[in-house]
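# A closer look at the structure
Read off the chains here:
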2 protein chains.
Amino acid sequence: MPKYVFHYFDIRGRGEPGRMLFAMAGVPFKDDRIPQANWPQVKDKTPSGSLPYLEIDGTILTQSLVIFRHLARCFGLDGENLLDKSKVEEITEYLAEMKEAAFACFLGPQDEESQKSLKEKLVNSVNKTCVQIDRIISSNKSAEGWAVGKKVTFADIFIFEAFTVILAAQPNVLDKFPKIQNVCRKMESHSVMKKYLSQRKQTPY
Amino acid sequence: MPKYVFHYFDIRGRGEPGRMLFAMAGVPFKDDRIPQANWPQVKDKTPSGSLPYLEIDGTILTQSLVIFRHLARCFGLDGENLLDKSKVEEITEYLAEMKEAAFACFLGPQDEESQKSLKEKLVNSVNKTCVQIDRIISSNKSAEGWAVGKKVTFADIFIFEAFTVILAAQPNVLDKFPKIQNVCRKMESHSVMKKYLSQRKQTPY
């Protein structure tokens, strides 16, 4: 097993799905949590000036989705065949766009006009993401209730993680999407995930 | 071999790397080029309201990068091992961000103030992309001159395609990056690519 070091801020943010992948696979890693106050000094020493990045026995990978897909492939959480692998990726692509719209709201300009426009974009993004993910889950012929194929994949982990963020602000967004709700419930009650959630470091976001 | 239908506008735009992947692999596909004038009528009939999308024996895949990675995997153009696959993806992620910055300039508001800000973002994006791709190519121990590993991959195809777009507007951006220039030259003079370029439908962008 290679030696993994996952570098990210001391928050869930964009990096949390990476930590969840390690947890689900039961693979040990060094969780390098960089305090935001240290970032100006640390930034120029990172490979791309951004977090997260991953070290794998010293080899560097940057770009959060690239890192997540790498871990999912290494841990067998990427889907069982070529089409399933791409459906897992399709779901995660929509979720990443939705999370970026949420971050834009949270981290962007806070004046009334900007927030109105950013919130409108977020609502549209959440709606599009729900419709698209529901479409993909609905094409799954397995009765197991996971998003893609018969087994848990990174798609389920990321659905659960991303909608936990969104539901905290908009509790009704999944009311019309029982299949997505079901994935979230299955993931939340998965014994490995339950243990991880009960033990992970508590941060405000 | 499945029956592929690639749906995109009648331009190169975001879709061209998909067509290039089919060409490099010598795999036939139906190239459904939708005239921009028809888009308002077609949009609601597409799976996600966006182009490109791909049909594979009737199964739908959306999201351009998901489609490209799917084709690269199916055609063996995705890298030879787990780390190489992720480096190919890392390169394509930076290129896609750079192309989005170029589209934002081209398709965004054309007033002086907006263009100044969009062009500044594009210059920063091009510079970051060059530095990051140069870093990744430099870590390749093979002497063959391809971006990742010993053989041509989707990373080479996308480097060539994306920098063709950028170099048309900014001819000097690769002056300090001979390794990226070399990939572009190797790709441009590859017999299969040469034939494709000489035969493809000419469109303004």
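Notes on the structure in this doc start here. (Residues numbered from 1 in each chain as written. Chains lettered and ligands numbered in written order. Predicted model: local features only at pLDDT ≥ 70, side-chain atom pairs only at ≥ 80, totals over all residues. Heavy atoms only, no water.)

### Things to note about helix α5 (residues 112-138) of chain B
Note on helix geometry: an α-helix contains 3.6 residues per turn, so any two residues three or four positions apart are oriented the same way. Residue and element names in this part refer to chain B. Here α5 is 27 residues long and its end C-alpha atoms lie 38 Å apart, about the 39 Å a rise of 1.5 Å per residue gives. Every buried residue belonging to α5 is among Gln 115, Leu 118, Leu 122, Ser 125, Val 126, Thr 129, Cys 130, Gln 132, Ile 133, Ile 136 and Ile 137, and all of these are buried. Of the surrounding elements, those touching the buried residues of α5 are α4 (82-107), α6 (154-169) and α7 (178-188). (Helix = DSSP H or I, 4+ residues; strand = E, 2+ residues; numbered from the N terminus. Expected span 1.5 Å × (residues − 1). Buried < 20%, exposed > 50% of the residue type's maximum accessible area, 1.4 Å probe, protein only. Contact = heavy atoms within 4.5 Å.)

### Concerning the packing of helix α4 (residues 82-107) of chain A against helix α5 (residues 112-138) of chain A
Residue and element names in this part refer to chain A. Relative to each other, α4 and α5 sit at 165 degrees, their axes nearing to 8 Å. Taken together, α4 and α5 sit at an angle that is classed as roughly antiparallel. Read as a crossing pair, α4 and α5 show a hand that is left-handed. Of α5, the residues touching α4 (which contributes Lys 87, Glu 90, Ile 91, Tyr 94, Leu 95, Glu 97, Met 98, Ala 101, Ala 102, Ala 104 and Cys 105) are Gln 115, Leu 118, Lys 119, Leu 122, Ser 125, Val 126, Lys 128, Thr 129, Gln 132, Ile 133, Arg 135 and Ile 136. By residue class, the composition of the contact of α4 with α5 is 13 nonpolar, four polar and six charged. (Axes fitted to C-alpha atoms, helices over the stretch in contact; angles between N-to-C directions. Parallel < 35°, antiparallel > 145°, perpendicular 65-115°, else oblique. Left-handed = near helix turned anticlockwise from the far one by under 90°. Nonpolar A, V, L, I, M, F, W, Y, C, P; charged D, E, K, R; others polar.)

### Thoughts on the packing of α6(B) against α7(B)
When two helices pack together, their arrangement is given by the angle between their axes and by how far apart the axes lie. Residues and elements named next belong to chain B. Remark: α6 packs on α7, axes separated minimally by 9 Å, with the N-to-C direction vectors making an angle of 100 degrees. Taken together, the axis directions place α6 and α7 in an arrangement best described as roughly perpendicular. Here Asp 156, Ile 157, Ile 159, Phe 160 and Phe 163 of α6 lie close against α7, whose contacting residues are Ile 180, Val 183, Cys 184, Met 187 and Glu 188. Taken together, the residues of the contact of α6 with α7 break down into eight nonpolar, no polar and two charged.

### Details of the nonpolar core
Residues Leu54(B), Ile91(B), Leu95(B), Ile157(B), Ile159(B), Phe163(B) and Ile180(B) are the most contacted members of the largest nonpolar core, which totals 63 residues. The dominant element in this core, judged by the number of residues it contributes, is α6(B), at nine residues. Setting aside anything within four residues of it in sequence, one finds Ile159(B) in contact with Ile91(B), Leu95(B), Ile133(B), Ile137(B), Ala147(B), Ile180(B), Val183(B) and Cys184(B). Membership of the second largest hydrophobic core comes to 62 residues, among which are Leu95(A), Met98(A), Leu118(A) and Met193(A). (Core = buried A, V, L, I, M, F, W, Y, C linked by side-chain atoms within 4.5 Å.)

### Some thoughts on the interface of chain B and chain A
Contact residues are listed per partner, giving 28 residues for chain B and 28 residues for chain A. Roughly 2500 Å² of surface becomes buried between chain B and chain A when both sides are summed, with 50% attributable to carbon and sulfur atoms. Taken as a group, Gln63(B), Arg73(B) and Leu83(B) account for 21% of the area that chain B buries against chain A, more than any other trio of residues on that side. The interface formed by chain B and chain A includes six salt bridges. At the boundary of chain B with chain A, the tally comes to 20 residue pairs in polar contact (both at pLDDT 80 or more). Secondary-structure elements contributing two or more residues to the side of chain B that touches chain A are β4 (59-62), α3 (64-74), α4 and α5 of chain B. The element best represented in the side of chain B that touches chain A is α4(B), accounting for 10 residues. Along the lines of polarity and charge, the residues of the side of chain B that touches chain A split into 10 nonpolar, eight polar and 10 charged. (Buried area = accessible area lost by both parts, 1.4 Å probe. Salt bridge = Lys/Arg side-chain N within 4 Å of Asp/Glu carboxyl O. Polar contact = N/O pair within 3.5 Å; in protein donor to acceptor, adjacent residues only side chain to side chain.)

### Comments concerning the pairing of strand β2 (residues 30-34) of chain A
Residue and element names in this part refer to chain A. Relative to β2, strand β1 (residues 4-9) runs parallel, the two sharing five bridges. Of the residues in β2, the one forming a bridge with Val 5 is Lys 30. Since β1 and β2 lie parallel, the crossover through helix α1 (residues 16-25) that links them has a hand, and here it is right-handed. (Pairing = 2+ DSSP bridges. Right-handed = clockwise from strand over helix to strand, strands pointing away.)

### So, empty space enclosed by the protein
Summary: where empty space remains is shown by rolling a probe the size of a single water molecule over the atoms. Enumeration over the complete set of coordinates arrives at one cavity of 30 Å³ or more. In terms of lining residues, the largest cavity is bounded by Arg73(A), Arg69(B), Ala72(B), Arg73(B), Asp78(B), Lys85(B), Val88(B), Glu89(B), Thr92(B) and Phe154(B). Taken together, the elements giving at least two residues each to the lining of the largest cavity come down to α3 and α4 of chain B. Ranked by the residues each element gives to the lining of the largest cavity, the list is headed by α4(B), at four residues. Across the lining of the largest cavity, the residue classes tally to three nonpolar, one polar and six charged. (1 Å grid on protein atoms, 1.4 Å probe; cavity = no way out; pocket = protein on both sides within 12 Å on 5 of 7 lines; lining within 4 Å. Points joined across faces, edges and corners; volume = space filled by probe spheres on them.)

### Thoughts on the pattern of salt bridges
The full count for this structure, using the stated rule, is 30 salt bridges over all chains. Residue Glu16(A) pairs with Arg200(A) through a salt bridge whose shortest N-O separation is 2.8 Å. Taken as a pair, Glu16(A) in helix α1 and Arg200(A) in the segment after α8 (191-199) lie far apart in primary sequence, 184 residues in all. A salt bridge links Glu89(B) to Arg69(A), with the nearest nitrogen and oxygen atoms 2.6 Å apart. You can see Glu89(B) sitting in helix α4 and its partner Arg69(A) sitting in helix α3 (residues 64-74), one on each of two chains. Residue Glu89(B) shares its accessibility class with Arg69(A), and that shared class is buried. Here the residues in one salt-bridge network are Arg69(A), Arg73(A), Glu89(A), Glu93(A), Arg69(B), Arg73(B), Glu89(B) and Glu93(B), joined through shared partners.

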